[in-house]
Amino acid sequence: MSYRHILACTDGSPRARKAVAGAAKLAGFCDAKLTVLFVIPPYVLPAYGEAALYVPGVTPHLYKQRADALANKVLAPAARLARNIGLQCETLAVNAAEPWSGILHAAHKRKCDLIVMASHGRHGVAKALLGSETQRVLTHTRIPVLVVR
């Protein structure tokens, strides 16, 4: 099967960078478009009351600036990697409360026919508490998903 548009997801971790590199090589082999995605959680207003966490000075504007800077830091290496192998690459940062939802929305909007993601390989309590965005994507889509470990 040949793919036309591959969506590679990254959170900036070493495993995600490995997945992006694999997606770039596959896109080059298939002569496919490559979009590299970073999902930003939305700004949440500080809560007050018992056991509330307060971070003074983090305004929605400052949060957006910091989130955009982080997205650029995470996505820039993917764009460089693609350029170095002669591949056109779109980088994209989206806001979503749930990363899997942002991933699927981006994949459908761009008519991607393959999603490439890393699996962090969490087990036991860590998996139960943190969950698996990869598992959620697999559960909620009919688009093929290539999981890189």
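Above this text you will find the structure in question.
## Quick look at the sheet that holds strand β1 (residues 5–9)
Phase 1: The 5 strands are arranged β3-β2-β1-β4-β5 in an open sheet whose pairing can be described as parallel. The sheet terminates laterally at β3 (89–95) and β5 (145–148), the two strands that pair on one side only. The average angle at which neighbouring strand axes cross in this sheet is 25°, direction not considered.
Phase 2: Sitting on the sheet, helix α2 (residues 60–84) is in contact with β2 (33–40) and β3, with an inclination near 155° to β2.
Phase 3: Running over the sheet, helix α3 (residues 99–109) touches β1, β2, β3 and β4 (114–118) and is turned about 150° from β2.

## Some words on the pairing of β1
In the case of a regular strand, side chains alternate between the two sheet surfaces.
Phase 1: Summarising burial for β1: 5 of the 5 residues are buried, a large majority.
Phase 2: Burial of β1 is two-sided: the residues His5, Leu7 and Cys9 facing one way and the residues Ile6 and Ala8 facing the other way are all buried.
Phase 3: Relative to β2, β1 is paired through 5 bridges, and the arrangement is parallel. Considered in β2, the bridge of Cys9 is made with Leu37.
Phase 4: A crossover connection joins β1 to the parallel β2 through helix α1 (residues 14–30); in handedness this β-α-β unit is right-handed.
Phase 5: The pairing of β1 with β4 spans 3 bridges and is parallel. Directly across from Leu7, in β4, lies its bridge partner Ile115.

Rules and cut-offs
- Residues numbered from 1 in each chain as written.
- Predicted model: local features only at pLDDT ≥ 70, side-chain atom pairs only at ≥ 80, totals over all residues.
- Heavy atoms only, no water.
- Pairing = 2+ DSSP bridges.
- Helix = DSSP H or I, 4+ residues; strand = E, 2+ residues; numbered from the N terminus.
- Axes fitted to C-alpha atoms, helices over the stretch in contact; angles between N-to-C directions.
- Contact = heavy atoms within 4.5 Å.
- Buried < 20%, exposed > 50% of the residue type's maximum accessible area, 1.4 Å probe, protein only.
- Right-handed = clockwise from strand over helix to strand, strands pointing away.

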